[in-house]
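# Descriptive analysis of the structure
Take a look at the letters that make up each chain.
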Amino acid sequence: MEIVKTINLKKYYKMDNYTVKAVDNINLNINNHEFIAIVGSSGSGKSTLLNLLGGLDKPTSGKVFINNIDITSMDEDELAIFRRRNIGFIFQNYNLIGNLTVLENITLPIELDGNEIPYDFINEILHVLKLEDKKNIYPNKLSGGQQQRVAIARALATRPSIILADEPTGNLDSKTTQEVIGLIKRTSHLFKQTIVMITHNEDIAQLADRIIKIEDGKLRENNDE
Amino acid sequence: MKTMMNNNKKAINKLTLSTLKNKTKTLFMFVSIILVTFMIYSIFSIGFSYYDNYQTYNLRSAGTTSQIMMTNLTKKQKNKLNDLDYIKNIGNQHYYGRINFENSYSDSQIVLSNYDDIEWKEDILPTIASFEGNYPTKKNEIALSRWTLNKLGYKNKKIGDYITLNINHQKQRFNISAIFTDYLIGRDQKTKSANVAAATFYFKDHHQEINQIGNIIISNMYAKSHSSLYQVTMVSLKDKHQDADKIMSQLNKDLNLAKNQKLYSFGLLANKTDGLLSIVACAFLAILIVLSGYFIINNIMQLSINNDIYFYGQLKTIGTTPKQIKSIVKKETLFYALLAIPMGLVFASLFSYFLVPYTLRRLISGSAIENIFPCNVSFSPFLFLIVIIYVLLTIWVSSKKPAKIASKISPIEAIRYNGLGNTSYINRSFSIFKKNRILSLAIKNILGNGKRNISVILSLFIGLFSCLTIYSAISKPDYNILFARQQPYSFNIEANNPNNEGKQSDITNKEISKVQSLKEITELKIVKTAYSTVTGSSKFLQKELGKKNSFAKESNHFKATIILLNEDDLSHFSKTNKTDNISFLNGDSIYLLDTSVSRKYIKDSLSIQNNNGELIDYKIENLFKEDSNFLQDAQNYLISDSDHICIYMSEKGLEKLQIDPIYEELKINTKNVNNEKLQEKLLSIFKNCTIAFKSQINTIKQLQPIINCFMFVGILFACILLMLGIFNFINIIIMNINSRKKELATLEAIGMTKKQLYKLLSLEGIIYFVISLVLLTIIGIPLSKMIVSLFQNTLYYFKYHFSFLLYFLINFILFIICLITPRIYYTKTKKNK
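Once a new chain begins, its residue numbering starts again from 1 and follows that chain's sequence as written. Lettering of chains starts at A and numbering of ligands starts at 1, both following the order in which they are written. In keeping with the model being predicted, local features are shown solely for residues with a pLDDT of at least 70 and side-chain atom pairs are shown and tallied solely at 80 or more, while totals for entire chains, interfaces and linings include all residues. Excluded from the side-chain calculations are hydrogens and water; all other atoms, namely the structure's heavy atoms, are used.

All names here are of chain A. With antiparallel pairing, the 4 strands of this open sheet are ordered in space as β2-β1-β4-β5. A strand with exactly one partner marks an edge of an open sheet, and here the two such strands are β2 (19–31) and β5 (69–70). Pairing of strand β1 (residues 2–14) with strand β4 (residues 61–66) involves 5 bridges; the strand directions are antiparallel. Residue pairing in the sheet places Ile7 in a bridge with Lys63 of β4. Here, any two strands with at least 2 DSSP bridges between them count as paired. Labels follow the DSSP assignment, with helices taken as runs of H or I lasting at least four residues and strands as runs of E lasting at least two, numbered in each case from the N terminus.

Dropping the structure here:
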């Protein structure tokens with residue numbers, strides 16, 4: 001079953017004398033529970049595509065369907081609510097909120113929704129990500145790997161159907177990279193989530209179910225099975 | 001080491017210029033520095049201008065630049081004066097007679113004066129204004145003051161015109177060679193100027209009281225062909241800051257002055273600090289402005305460093321030393337200063353050009369010094385220098401810490417920097433807000449950056465506090481308190497007697513009965529006086545009188561003004577003195593002032609001459625304190641002119657002297673203080689009388705513009721201080737949002753709606769407001785009350801008047817600004833995301 005679908009997706013930027021085609025007519029289908037790696041050279045349009053998939057950016061034309069829902073027709077608030085309930089983001093720079101503790105960072109999306117915090121579930125996430133003893137610590141006291149784990153936990157907290165990860169191991173050493181990728185895979189399998197990950201790392205890309213290559217905003221799919 | 005030396009000034013300058021590309025920061029820095037410069041300059045401009053104008057006013061009032069005046073010096077003594085090394089210059093002034101003219105008041109005279117070259121150029125010329133024409137040289141040339149021309153009925157005459165003057169009952173034709181404006185008439189409408197010192201002393205010696213003198217300057221040629229009636233020598237000292245008694249004693253010794261040679265000093269150590277107080281007040285206000293300026297500039301620089309932390313970290317990685325980074329930051333602020341300070345000075349100069357004269361004019365409007373006090377704005381390089389130093393100092397101090405922070409950034413720290421900051425001291429004490437995550441986040445965001453936000457909150461507080469204090473202090477003068485102490489009667493009508501020995505007064509029974517018939521009057525008190533001479537009954541008392549009342553001495557007795565008091569008046573005095581009234585009311589005893597004799601002479605006798613020349617003895621019952629606050633209104637009980645002893649007596653006491661009293665003053669009370677119609681009626685009754693009319697209505701009319709002016713200027717500056725605080729707040733909100741773009745984007749990414757984001761930002765703004773409000777209410781109000789009470793001695797009729805309206809208004813305005821600023825700016829940035 002398709003969980004993500006794009007139809008003729010375009011994102012063009014008009015500069016002074018020319019147009020940058022960041023995403024150029026992409027038609028993409030991603031199935032449920034898939035682990036997709038998006039690879040491409042710098043400036044190929046990977047992050048732009050990810051932002052479009054997550055509703056962080058509006059396409060110039062085309063459609064994006066998540067769970068058969070057209071997110072391109074939603075307004076900002078609807079998108080925000082949709083994102084917090086259906087999509088989890090993991091960024092390269094972690095992007096944790098400095099004034100909140102680890103636990104508060106993780107539960108923030110749930111609180112924004114006005115829901116009761118499912119502490120059992122949260123504790124499970126903390127256990128899996130080995131953050132139990134870091135609950136009340138502030139992010140600036142954590143290492144990069146620990147911060148990324150918190151970011152993963154935050155992405156998982158609302159049980160989204162999709163995790164969008166933009167170079168989640170870009171700032172980590174190789175050992176931590178392995179650890180984080182392993183965790184992402186494990187948790188997505190455990191909580192039955194679809195993962196779309198941008199990466200430069202060929203080794204990580206090889207761990208994915210499917211590799212999608214982007215060049216100059218266009219798709220070049222590569223199935224290594 | 002020599003090998004480590006390099007020349008990279010160019011590179012540093014280039015890097016400095018690159019940091020200036022941040023338009024928002026540049027705008028804020030420029031506006032802040034311009035505002036601070038503008039405010040400091042304006043304050044000092046008013047202060048300096050007031051000081052300069054005050055000095056000019058003093059000079060004009062004095063009528064001379066010299067410090068010592070001597071009469072009847074011999075030629076030998078004048079030569080001796082020339083040899084004294086502490087004398088700067090000596091001038092001579094002569095009186096040559098007076099004009100006989102029609103329609104003159106008997107206490108106004110127009111005199112002929114002549115000055116030698118030094119007296120004219122050094123002493124007189126600096127004290128007059130608008131001198132047009134040439135000093136008279138030919139025998140028939142004269143220079144007149146505009147007041148004199150007007151008095152003579154020659155208002156429209158010009159230089160070169162001829163006028164006829166009646167001198168010693170002989171008509172003489174003169175050519176007007178010059179016209180000038182002098183300031184002979186003082187606050188009390190009497191001439192006290194040394195411009196006409198010679199004439200004044202002549203009248204004094206001849207027991208003539210002339211209240212107003214007009215001046216005509218005659219030429220030396222005219223003077224040579226006439227006899228000088230009186231001459232004074234005016235002396236300027238090399239060192240003006242000397243003790244008056246000491247220098248007079250020295251001169252007495254050096255010149256061996258005779259009894260008929262008088263010696264007076266003025267302008268020595270007098271009013272040294274007058275006017276300086278205005279500069280001190282300005283310096284205090286400037287400190288407040290500097291503080292506000294420091295907060296804002298420091299904040300801008302610190303936030304800028306935070307924003308550019310990667311930049312400074314990158315510089316470090318490529319080899320920039322901490323010293324070089326400090327230099328970049330300092331040069332950056334210097335660049336802003338070099339451009340913004342001159343702009344601020346230009347705006348301020350233009351503004352001061354109009355504001356200062358306006359402020360000064362309003363300050364003195366309606367007062368007795370209105371025509372003498374100039375209202376010029378002072379421009380001086382010294383003033384510019386002070387302002388530049390003040391502002392540069394503020395900027396330098398503000399940039400020190402940011403420069404130090406920037407220089408200490410390590411490359412690794414910069415690379416790892418993610419804006420998280422050190423929030424370890426924010427603990428779970430905010431668990432009460434757990435349910436409201438957005439509020440909790442907002443509180444943490446504000447309190448987590450405590451140091452930075454303290455300066456914003458303090459600058460908001462300074463602005464709010466200033467507005468509240470100034471308004472509460474001077475918005476509602478209580479004139480009842482002022483009048484109770486200084487002017488207890490609604491109207492005072494005082495006879496303007498031509499001389500103290502006259503037995504006439506323009507106030508007669510006719511006028512009194514008219515006043516008594518006015519229905520609006522609730523109380524009418526008539527002050528009667530008489531004139532006589534006194535002697536001490538014992539030689540000791542006589543000696544005491546001579547010692548303390550030499551001004552009143554006339555051969556062996558002393559001139560006295562007798563003021564009649566009734567039982568009612570006495571009970572008013574007796575509150576402080578608790579004496580037996582019976583003897584007084586029976587006419588056996590009298591009161592004197594404590595400045596007339598010492599307390600040991602109480603119960604001694606004073607002899608007063610009656611109408612037949614006989615001496616009648618009266619016991620000195622007690623002494624009134626001239627300077628007691630209770631008798632602050634002593635002028636209502638007539639402290640008489642400076643050359644008479646004041647004696648207080650009952651009607652029965654006066655009967656013994658067989659002298660008819662004259663009506664000196666009427667004191668009138670009415671129910672409605674602001675009774676303009678009654679005032680008109682009273683003025684109409686006395687329209688043909690020479691009187692001095694004083695009313696509470698007129699006092700209010702004179703004071704209110706001054707108070708309004710103070711309010712205007714005070715509130716203006718307080719508002720500017722508040723504006724600086726608001727500016728600081730807006731700056732920190734903008735910088736906050738700019739530096740948190742990533743965080744805000746993350747919040748959006750994880751699902752915070754626009755509404756929730758706006759709520760977060762608005763709450764942050766409101767928190768600033770709440771803290772400022774709490775500070776203002778808990779600390780600001782009591783502090784402002786305390787400050788006002790410190791000035792109660794001087795400004796006793798200004799009671800602290802807390803205005804709820806102002807309190808709510810300024811807080812409401814601040815609330816709105818705090819609420820909407822983050823939202824407006826965030827909306828703007830979103831468009832450019």
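Having seen the structure, we can now continue with the description.
Residues shown with low pLDDT carry predicted positions that ought not to be read at fine detail. Averaged over all residues, the pLDDT of chain A equals 87, while 98% of them reach at least 70. The secondary structure element of chain A with the lowest average pLDDT is strand β10 (residues 218–222) of chain A, at 74, and the one with the highest is β4(A), at 94. The predictor attaches a confidence to each residue, and that confidence, scored 0 to 100, is pLDDT.

The next subject is unusual backbone geometry. A negative phi angle characterises most non-glycine residues, just as the trans form characterises most peptide bonds. Within the chain, A:Asn25 stands out as a residue other than glycine whose phi angle is a positive 60°. Checked against the element boundaries, A:Asn25 lands in strand β2. Even without being glycine, B:Gln658 reaches a positive phi, approximately 55°. By the element assignment, B:Gln658 lies in the loop between α21 (651–657) and β19 (662–670).

A few words now on helix α24 (residues 741–749) of chain B. Inspection of α24(B) places B:Glu743, B:Leu744, B:Thr746, B:Leu747, B:Glu748 and B:Ala749 among the buried residues, and these make up the whole buried set. Remark: B:Gly751 follows α24(B) within two positions and exhibits a positive phi of approximately 115°. To sort residues, take the accessible area from a 1.4 Å probe on protein chains only and compare it with the maximum for the residue type: under 20% means buried, over 50% means exposed, and anything in between is partly exposed.

Residues and elements named next belong to chain B. Under the present numbering, the feature "transmembrane region" (unreviewed entry) in UniProt falls on residues 27–51, 275–297, 333–356, 376–398, 454–474, 710–734, 760–784 and 804–826. Between the end C-alpha atoms of residues 376–398 the distance is 35 Å, and the span holds 78% helix and 0% strand. With 100% helix and 0% strand, residues 710–734 has end C-alpha atoms that lie 36 Å from one another. UniProt positions are given in the numbering used here, feature names are shortened, and annotations may be inferred rather than shown by experiment.

Between two packed helices, the angle of one axis relative to the other and the distance separating the axes together describe the packing. Here an axis means a line fitted to C-alpha atoms, over the contact stretch when the element is a helix, while the angle between two N-to-C directions is reported on a 0 to 180 degree scale. Taken N-terminus to C-terminus, the directions of helix α3 (residues 102–112) of chain A and helix α14 (residues 437–447) of chain B make an angle of 135°; their axes are 10 Å apart at the nearest point. In terms of orientation, α3(A) lies oblique with respect to α14(B). Where α3(A) approaches α14(B), its residues A:Glu104, A:Leu108, A:Glu111 and A:Leu112 are matched on the opposing element by B:Arg437, B:Ile438 and B:Lys444. Residues are sorted three ways: Asp, Glu, Lys and Arg are charged, Ala, Val, Leu, Ile, Met, Phe, Trp, Tyr, Cys and Pro are nonpolar, and all the rest, Gly among them, are polar. For the contact of α3(A) with α14(B), the per-class residue count stands at 3 nonpolar, no polar and 4 charged. Roughly parallel refers to an angle under 35 degrees, roughly antiparallel to one over 145, roughly perpendicular to one between 65 and 115, and oblique to any angle outside these ranges. Every residue pair with non-hydrogen atoms within 4.5 Å of one another is taken to be in contact.

A separate point is the interface of chain A and chain B. Frequently, the measure chosen for interface size is the accessible area that the parts lose on association. Between chain A and chain B, the contact holds 28 residues from the first and 30 residues from the second. The buried area of a pairing is the accessible area, by a 1.4 Å probe, that goes missing from both parts when the two are put together, added over both. Surface buried jointly by chain A and chain B totals about 2600 Å² across both partners, of which 53% is contributed by carbon and sulfur atoms. When the buried surface of chain A facing chain B is broken down by residue, A:Asn99, A:Leu112 and A:Tyr138 rank first, second and third, together holding 23% of it. A side-chain nitrogen of Lys or Arg and a carboxyl oxygen of Asp or Glu constitute a salt bridge if their distance falls within 4 Å. The interface formed by chain A and chain B contains 3 salt bridges. Here a polar contact means two N or O atoms within 3.5 Å. Within protein one must be a hydrogen donor candidate and the other an acceptor candidate, and residues neighboring in sequence count only if both atoms are side-chain atoms. The interface formed by chain A and chain B includes 9 residue pairs in polar contact (both at pLDDT 80 or more). Contributions of two or more residues to the side of chain A that touches chain B are made by α2 (76–86), α3 and α5 (144–157) of chain A. For the side of chain A that touches chain B, the leading source of residues is α2(A), giving 6 residues. Per-class residue counts for the side of chain A that touches chain B are 13 nonpolar, 7 polar and 8 charged.

Evaluation of the coordinates by the stated rule reveals 22 salt bridges over all chains. B:Lys444 is the salt-bridge partner of A:Glu104, the closest N and O atoms lying 3.0 Å from each other. Of this pair, A:Glu104 sits in helix α3 while B:Lys444 sits in helix α14, on two different chains. Using a relative accessible area of 10% as the deciding quantity, one classes A:Glu104 as buried. A relative accessible area of 2% means that B:Lys444 is categorised as buried. B:Arg437 is paired through a salt bridge with A:Glu111; the nearest N and O atoms lie 2.7 Å apart. Remark: A:Glu111 occurs in helix α3 and B:Arg437 occurs in helix α14; the pair is interchain, linking two chains. Residue B:Arg437 shares its accessibility class with A:Glu111, and that shared class is buried. Each of A:Glu104, A:Glu111, B:Arg437 and B:Lys444 takes part in a single network of salt bridges with overlapping partners.

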